[in-house]
Amino acid sequence: SGNVLIHSSEAAAGRSGTMELSTGASSDASGSLKMSTGNAASGSAGGISISPGDSKDKGANMKLSAGAGVIGGETFLQSGDGLDFGGDVTVGTGYTSSSTGSSGSVSIMSTDAPGESGTVSLTSGQGAVSGSVMISSGDSELGTAGAINLAPGSSSSQSGAAVAVQGGESSG
């Protein structure tokens, strides 16, 4: 079928036009916004690509966040189901060709809170054979290889947090 192209005009100088796609506000419940590609009877279904622009200075940022409320909205990032294998989820940083620079960092963290901050869990799913959880640093050709630090938090009023390493149990 035919293609649909929606874009703002280019600018010889200054900033090009902004594009905004949103639903209207409501005193009750606002409308949803859905972006999807069609199913394919054979072959691969179409993908969805969201790519901020490149720049000679600093590339554009991309932010994916849920809405605020009495209870904040949740953000789900999940790969597709499969008859044989489910899809993978890869979170990676950008590459650099500079020998003196570094590729970007990956941070997985819960946000600070005046009460109790959230928990960060790294777990594999249950199954006939459960998957492994691997934490490793990369090899180094010149300098010292990256370290792995397990550092529990300190407390100004109670005991500092402990580190517990426990092997799995077997009923066999």
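Here, every reference points to the structure presented above.
Okay, so let's go over this structure. (Residues numbered from 1 in each chain as written. Predicted model: local features only at pLDDT ≥ 70, side-chain atom pairs only at ≥ 80, totals over all residues. Heavy atoms only, no water.)

### A look at the layout of surface pockets
- Estimated volume of the largest pocket: approximately 2100 Å³.
- Contributing to the lining of the largest pocket are 36 residues, with Ile50, Met62, Lys63, Leu64 and Ser65 lying nearest its centre.
- In terms of residue class, the lining of the largest pocket is built from 17 nonpolar, 14 polar and five charged.
- Here the lining of the second largest pocket is composed, by residue class, of eleven nonpolar, eleven polar and three charged. (1 Å grid on protein atoms, 1.4 Å probe; cavity = no way out; pocket = protein on both sides within 12 Å on 5 of 7 lines; lining within 4 Å. Points joined across faces, edges and corners; volume = space filled by probe spheres on them. Nonpolar A, V, L, I, M, F, W, Y, C, P; charged D, E, K, R; others polar.)

### Section: the environment of Ser137
- Note on Ser137: relative accessible area 32%, which makes it partly exposed.
- Ser137 sits 20 residues away from Ser157 along the chain, and the two C-alpha atoms are 34 Å apart.
- Apart from residues no more than four positions distant in its own chain, Ser137 is found in contact with Gly146, Ala147 and Ile148. (Buried < 20%, exposed > 50% of the residue type's maximum accessible area, 1.4 Å probe, protein only. Contact = heavy atoms within 4.5 Å.)

### Some remarks on a nonpolar patch on the surface
- Together, Leu77, Val89, Val91, Val106, Ile108, Val120, Leu122, Val133, Ile135 and Ile148 make up an exposed nonpolar region whose accessible area comes to about 1000 Å².
- Owing to a relative accessible area of 62%, Ile108 belongs among the exposed residues under this scheme. (Patch = residues over 30% accessible without salt bridge, like charges linked within 9 Å, V, L, I, M, F, W, Y side chains within 5 Å. Areas by Shrake-Rupley, 256 points an atom, 1.4 Å probe, with all protein chains shown as cover. Salt bridge = Lys/Arg side-chain N within 4 Å of Asp/Glu carboxyl O.)

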